[in-house]
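# Coordinates in review
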Amino acid sequence: MSATHSETLFEGYCRANRIVFTRVSGSSERSPDFRIQIGQTHVVCEVKQIDMNKNDREVLAAVNAGTPTSFYVTNRVRSKLKDVSAQLKDAALAGTPTMVVLYNNSPVYDYTGYSEILQAMFGRKTSNVMFSASQETGPVVNPPFFGGNRGLGPGQNTSVSVVAVLERDSTGQLRLRVYHNPHGRVPLDPAVFSEVAAVQPVVPSTQDVEL
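Now for a quick tour of the structure. Throughout this document, residue positions are counted from 1 along each chain, in the order its sequence is written. For a predicted model such as this one, the threshold for reporting local features is a pLDDT of at least 70, and the threshold for listing and counting side-chain atom pairs is 80 or more; totals across whole chains, interfaces and linings nevertheless cover every residue. Note that water and hydrogens are dropped before the side-chain values are worked out from all heavy atoms of the structure.

### Brief notes about the overall build of the protein chain
A helix here means a DSSP run of H or I that spans at least four residues, while a strand means a run of E at least two residues long, and both kinds are numbered starting from the N terminus. Looking only at helices and strands, the protein chain has five helices and eleven strands in total. When the backbone C-alpha atoms are referred to their principal axes, the protein chain occupies close to 65 × 45 × 35 Å. Partly exposed describes any residue whose relative accessible area lies between the buried limit of under 20% and the exposed limit of over 50%, with all areas from a 1.4 Å probe on protein chains only and scaled to the type maximum. Considering the protein chain as a whole, with its 211 residues, one finds that 41% of them fall into the buried category. Between two residues, a contact is recorded if the distance between any of their heavy atoms is within 4.5 Å. Put simply, of all contacts in the protein chain between residues at least 6 apart along the chain, 62% involve residues at least 24 apart. Positive and negative side-chain charges in the protein chain, numbering 20 and 19 respectively, have mean positions lying 4 Å apart. Here the positive residues are Lys and Arg and the negative ones are Asp and Glu; neither His nor the chain ends is included. One atom stands in for each charge, and that atom is NZ of Lys, CZ of Arg, CG of Asp or CD of Glu.

### Observations concerning the pairing of strand β3 (residues 41-50)
Along β3, eight of the ten residues are buried, which leaves the element largely enclosed by surrounding structure. Any two strands are treated as partners once DSSP identifies two or more bridges connecting them. Summarising the sheet, strand β2 (residues 34-38) and β3 pair through five bridges and their orientation is antiparallel. Residue Ile 38 lies in a different strand from β3, and its bridge partner there is Thr 41. Linking β2 back to β3 in an antiparallel pair, the connection comprises two residues, with Gly 39 at a positive phi of about 65°. Direction of pairing for β3 relative to strand β4 (residues 98-104): parallel, over a ladder of seven bridges. Among the inter-strand pairings, Val 44 is bridged to a residue of β4, identified as Thr 98.

### Some remarks on the packing of aromatic side chains
What counts as a ring pair is set by centres within 6.5 Å for rings of Phe, Tyr and Trp (its six-membered ring), and what kind of pair is set by the plane angle: stacked under 30 degrees, edge-to-face over 60, tilted for all other angles. Under the criterion given, the structure shown has six aromatic pairs. When the centroid spacing of 6.3 Å and the interplanar angle of 70° are considered together, the rings of Phe 21 and Phe 34 count as edge-to-face. Here Phe 21, found in strand β1 (residues 20-23), pairs with Phe 34, found in strand β2; they are 13 residues apart in sequence, far enough to count as distant. When its relative accessible area of 0% is taken as the criterion, Phe 34 is described as buried.

### Considerations on the nonpolar core
Formed by 24 residues in total, the largest nonpolar core has its most connected members in Phe 10, Tyr 13, Ile 36, Met 99, Leu 166, Leu 176 and Phe 193. For this core, the secondary structure elements donating two or more residues are α1 (5-16), β2, β3, β4, β9 (162-168) and β10 (174-180). The leading source of residues in this core is α1, at four residues. If you look at the next biggest cluster of nonpolar residues, it comprises 21 residues, including Val 44, Val 84, Leu 88 and Val 165. Here, nonpolar core refers to any group of buried Ala, Val, Leu, Ile, Met, Phe, Trp, Tyr and Cys residues whose side-chain atoms link them within 4.5 Å.

### Observations concerning the side chain of Ser 6
Here Ser 6 is to be found in helix α1. The contact partners of Ser 6, leaving out residues within four places of it in the chain, are Val 47, Gln 49, Tyr 103 and Leu 166.

### Some details on the layout of surface pockets
Only protein atoms enter the 1 Å grid, on which a cavity is a set of points fitting a 1.4 Å probe that cannot get out and a pocket is an open set with protein on both sides within 12 Å along at least 5 of 7 lines, lining residues being those with an atom within 4 Å of a point. Grid points are joined across faces, edges and corners, and a volume is the space filled by probe spheres set on the points. When its volume is computed, the second largest pocket comes out at roughly 210 Å³. As for the second largest pocket, its lining consists of Tyr 72, Val 73, Thr 74, Asn 75, Arg 78, Tyr 109, Glu 116, Gln 119 and Arg 124. In the scheme used here, Gly and all other residues not listed as nonpolar or charged are polar, with Ala, Val, Leu, Ile, Met, Phe, Trp, Tyr, Cys and Pro taken as nonpolar and Asp, Glu, Lys and Arg as charged. Its residues assigned to classes, the lining of the second largest pocket comprises three nonpolar, three polar and three charged.

### Here we look at the pattern of salt bridges
Any carboxyl oxygen of Asp or Glu that lies within 4 Å of a side-chain nitrogen of Lys or Arg is treated as forming a salt bridge with it. On inspection of all chains with the given rule, the structure shows nine salt bridges. For Asp 33, the salt bridge identified is with Arg 23, shortest N-O distance 3.8 Å. Of this pair, Asp 33 sits in the loop between β1 and β2 while Arg 23 sits in strand β1, and the two are ten residues apart along the sequence. For Asp 33, a relative accessible area of 10% translates into the label buried.

### Quick notes on the sheet that holds β3
Pairing in this open sheet of seven strands is mixed, and the strands run β1-β2-β3-β4-β9-β10-β11 from one edge to the other. At either end of the open sheet lies a strand with only one pairing partner, and these are β1 and β11 (198-199). In the sheet, β9 pairs with β10 via seven bridges, with the strands oriented antiparallel. Paired with Val 162 across the strands is His 180, a residue of β10. α1 contacts β1, β2, β3, β4, β9, β10 and β11 of the sheet and is inclined by roughly 145° relative to β3. Running at roughly 170° to β3, helix α4 (residues 85-93) makes contact with β3 and β4 of the sheet. Helix axes use the C-alpha atoms of the stretch in contact, all axes being lines fitted to C-alpha atoms, and the angles between their N-to-C directions lie in the range 0 to 180 degrees.

The analysis is restricted to geometry; functional conclusions fall outside its scope.
Now the structure itself:
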């Protein structure tokens, strides 16, 4: 089976950063895509690519035709995260850290932006609104928190150590934007990424959501 665009880019990223990588051969859907070594740390990786769907193609056609358009943005990362347990479970059970590598291959929208990643990992941005029974005062909106439909959590997809976005920086060079899963079975030391092209955004707590 031929490599996807994201897999080819990931191989290029590994070469540029002197990361030893091995493409895992196997027809099983439970097989991960890569095994890599950063320094002395071995990591099992699954690469997921977000391609244009029917809605994206319609939006792009309208824009190219000069027609004003709008569309409802769905979180397409969440389904990718919910679909990786089989490929990474064996590695996590064996004590090997794992990484889901996401690449946005759609020019229509940044499906792998900061907000999209956090809500896919921890749940939709949610706020409780309380109304006074007497209606003498206005509604009270509580601070936002991560609500339902999360891709990762306690007892849920704990085989994922980190979620990483493969992207280009302002100079056009490939880098990883790495989000650590606090619920991961096998944590991956942030220091591992200190010698490669990577940034590691701070993940907010469930009671402090700033997206």
